[in-house]
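Chain by chain, the residues:
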Amino acid sequence: MVKDNKLRKIRLSANPTAEALADLRIGDIVYLDGTVYTAREGVYKRVLEDGIAMPMDLPADSAANFHCSPAATQHDDGSFDLGAVTATASFRFSKWIGPWLDASGAKLIIGKGGMSSKDYREHFVPHGAIYLTTVGYGTGALLGRGVKQVSNLHWKKELGLAQAMWVLDVENFGPFIVESDLDGNSLFERENARISASLDKVYEGTRPAILKRFGETDDRSDEMI
Amino acid sequence: MINIEVIQKTAESLMAKAAIEIPDDYLTGLQKAANDEDGDLSSFVLEAMLENYVAAKEDRRAMCGDTGCPRWYVKMGNEAQIDGGPIALEAALRRATANATKSVPLRPNRVHPLWRTDHDNNVGIGAPEIEYGFEPDGNWIDLVTVHKGGLFGTDYRMLFPSDGIEGIKRFYLDSLVAFGKRGLACQPAIIGIGLGGSKDTCMVLGKRAACLRMVGDRNPDPKIAALEDEFKELGNNIGMGAMGFVGKSMVIDCNIEVGYCHTGGMQMSVHAFCLSSRRAVARIYDDGRVEFRTDPAWFTDYQRRETVEW
């Protein structure tokens, strides 16, 4: 039943060259090789608001920041048992993403659901960075298979397992979909615009609620994030 | 008397099964959606998910890295007695949740809402939730675990009788479109709708409609069953598919549950049970037998009873 679709499939380094990034188009399927690390609100607050020095040499160690908490545990002897890996929704980290790109030099932000094209234009484009979205969501078992080893776990005690900084050595790690390109275009926004065009017809025969709510919109092309 | 160690051991098995094994009814529904889907990107996503379920079972690893918020539904036959009583039962379920978080492993998702304290075991204040139901007859206890994803796809609204079916449809579509964008609801999903009750029971009904009913079953009220069919089709005609890409797979099934409400109101809740519809069930008898299944069989005639006496 595998359908023959025209999507391009590409292997990409987790420390990609500018040329490799320039070659990517939104909607391409990407698999990563190298080292990625997890960082989300816990790490962002600690580094950007509390001013605590990062425990890694970024971006030399890795230019790929994964918005993720793995389903994983650390045994008493320090070894790891890592099962499934999937992303968390990235739009919630909008207020930190500019300073974070400054501080980390990340070229790849990997997460769920993308960010706004405004964020891409204001923060990603000047840094030559792009956004990769996980697939599904989520293909946790497939991504788990792509992790060769957990090479480090930083700030477990300070942030807990879910918010700690996991450093993952990966090979053929994916699939991901290119959501933003170096010009700041967004695949999700392209798709939303296509779908919005026919929503009025879908809504025929419905009626807005009698009791309104503050802040409510009937503009169904709104990106919501 | 139902042995408490059997309860804890069974509960630990259920935690792993829920996290790793996609239930057959949902899998069949998703395979059909994948066959029908013609959007390039949506098709790719569904194929990847089908591949992912196989990988999870082969490797015995969780199908999704966000293993949701584990919760328990406990149903007891009227004659069932538990070794150590309900306090021992709740302790066993909390121990099983903590142990499985390390052994599967699951993601330790549960934190304090303000202080963000994480015990790294999915146990804390009010976590995991344990809810109860009872059935006439029976010397058994049913343990149902559901690990529902937590952040997107659920909404509540107070509607009124004059909003009518048109208002219900509007709120249903609003919920699907708003949370479907960028795939935040992790669709295609089993959509549960709660109608009536009061605000809290409306949410409970809708969540149970999403999590405790099987794909393909129908509400015993034929008019509600017809609405379930209509809403499933309506959701799949939005033009949106997996991850919010152009497509036609949003709803694997739509289940509606109702409860009697205030005469002036018509409460409505919508819940999306994601692409990793984690649920697992076991019945434990007082002679020690354990039977595993995936159908919670929660909504019996007794649970939906309408009269004073049973």
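Residues numbered from 1 in each chain as written. Chains lettered and ligands numbered in written order. Predicted model: local features only at pLDDT ≥ 70, side-chain atom pairs only at ≥ 80, totals over all residues.

1. Comments concerning the overall build of chain A
Here's step 1: Along its length, chain A carries eight helices and nine strands.
Here's step 2: The C-alpha atoms of chain A give 19 Å as radius of gyration, which agrees with the globular expectation for 225 residues (17 Å, within 12%).
Here's step 3: By principal-axis analysis of the C-alpha atoms, chain A measures approximately 60 × 45 × 35 Å.
Here's step 4: The contacts in chain A between residues at least 6 apart in sequence include a share of 67% that link residues at least 24 apart. (Helix = DSSP H or I, 4+ residues; strand = E, 2+ residues; numbered from the N terminus. Rg over C-alpha atoms; globule rule 2.2 N^0.38 Å. Contact = placed C-beta atoms within 7 Å.)

2. Brief notes about the overall build of chain B
Here's step 1: A tally of regular secondary structure across chain B gives seven helices and nine strands.
Here's step 2: Taken over the C-alpha trace, chain B has a radius of gyration of 19 Å; the compact-globule value for 310 residues is 19 Å, and the two agree within 12%.
Here's step 3: Projected onto its principal axes, the C-alpha coordinates of chain B cover approximately 50 × 50 × 40 Å.
Here's step 4: By residue count, 54% of the 310 residues in chain B fall in the buried class.
Here's step 5: A fraction of 78% describes how many contacts in chain B between residues 6 or more apart in sequence connect residues 24 or more apart. (Buried ≥ 20, exposed ≤ 12 C-beta atoms within 10 Å, placed from the backbone.)

3. So, the packing of helix α1 (residues 4-20) of chain B against helix α4 (residues 85-103) of chain B
Residue and element names in this part refer to chain B.
Here's step 1: Between α1 and α4, whose axes approach to 8 Å, the crossing angle comes to 35°. Crossing geometry of α1 relative to α4 is assigned as right-handed. Each of Ile-4, Ile-7, Gln-8, Ala-11, Glu-12, Met-15 and Ala-16 in α1 lies in contact with α4, whose residues at this interface are Ala-88, Leu-89, Ala-92, Leu-93, Arg-95, Ala-96, Thr-97, Asn-99 and Ala-100.
Here's step 2: Among the residues making up the contact of α1 with α4, the classes are represented as 11 nonpolar, three polar and two charged. (Axes fitted to C-alpha atoms, helices over the stretch in contact; angles between N-to-C directions. Left-handed = near helix turned anticlockwise from the far one by under 90°. Nonpolar A, V, L, I, M, F, W, Y, C, P; charged D, E, K, R; others polar.)

4. Observations concerning the interface of chain B and chain A
Here's step 1: The interface of chain B with chain A comprises 60 residues on the first partner and 57 residues on the second.
Here's step 2: At the level of elements, α2 (24-36), α3 (40-59), β4 (155-159) and α5 (164-180) of chain B are the ones that each hand at least two residues to the side of chain B that touches chain A.
Here's step 3: No other element matches the 13 residues that α3(B) contributes to the side of chain B that touches chain A.

5. Quick word on the nonpolar core
Here's step 1: Counting residues in each nonpolar core, the largest one holds 145 residues, and the members touching the most others are A:Leu108, B:Val45, B:Ala62 and B:Ala189.
Here's step 2: With residues up to four places along the chain from it excluded, the contact list for A:Leu108 reads A:Ala14, A:Pro16, A:Ala63, A:Ala64, A:Ala129, A:Ile130 and A:Leu132. (Core = buried A, V, L, I, M, F, W, Y, C linked by C-beta atoms within 7 Å.)

6. A few points about the pairing of strand β2 (residues 29-38) of chain A
Residue and element names in this part refer to chain A.
Here's step 1: Relative to β2, strand β1 (residues 9-13) is paired through five bridges, and the arrangement is parallel. Across the sheet, Ser-13 pairs through a bridge with Asp-33, a residue of β2.
Here's step 2: Alignment of β2 against strand β3 (residues 64-66), held across two bridges, turns out to be parallel. Its bridge partner lying in β3, Thr-38 is registered against Phe-66. (Pairing = 2+ DSSP bridges.)

7. With respect to the domain arrangement of chain B
Residue and element names in this part refer to chain B.
Here's step 1: Split into domains, chain B comes out as domain 1 (4-20 + 63-149 + 279-293) and domain 2 (151-273).
Here's step 2: The straight-line distance from the C-alpha centre of domain 1 to that of domain 2 is 26 Å.
Here's step 3: On the side of domain 2, five residues touch domain 1, which itself brings six residues to the contact.
Here's step 4: Grouping the amino acids of the side of domain 1 that touches domain 2 by side-chain chemistry returns three nonpolar, one polar and two charged. (Domains from an automatic or database assignment.)

8. Remarks on the packing of α2(B) against α3(B)
All names here are of chain B.
Here's step 1: At a closest axis distance of 10 Å, the pairing of α2 and α3 adopts a crossing angle of 150°. Relative to α3, the element α2 lies roughly antiparallel. You can see that α2 and α3 cross each other, and the crossing is left-handed. Within the contact between the two elements, α2 uses Leu-27, Leu-30, Gln-31, Ala-33 and Ala-34 and α3 uses Ser-43, Leu-46, Glu-47, Met-49, Leu-50 and Tyr-53.
Here's step 2: Residue composition of the contact of α2 with α3, by class: eight nonpolar, two polar and one charged. (Parallel < 35°, antiparallel > 145°, perpendicular 65-115°, else oblique.)

9. A few points about unusual backbone geometry
Here's step 1: The step from A:Gly174 to A:Pro175 runs through a cis peptide bond, and the omega angle for that step is 5°.
Here's step 2: Assignment of secondary structure puts A:Pro175 in strand β9 (residues 165-178).
Here's step 3: Cis geometry marks the peptide bond from B:Gln187 to B:Pro188; its omega dihedral reads 0°.
Here's step 4: Positive phi outside glycine occurs at A:Asn172, with the angle close to 50°.

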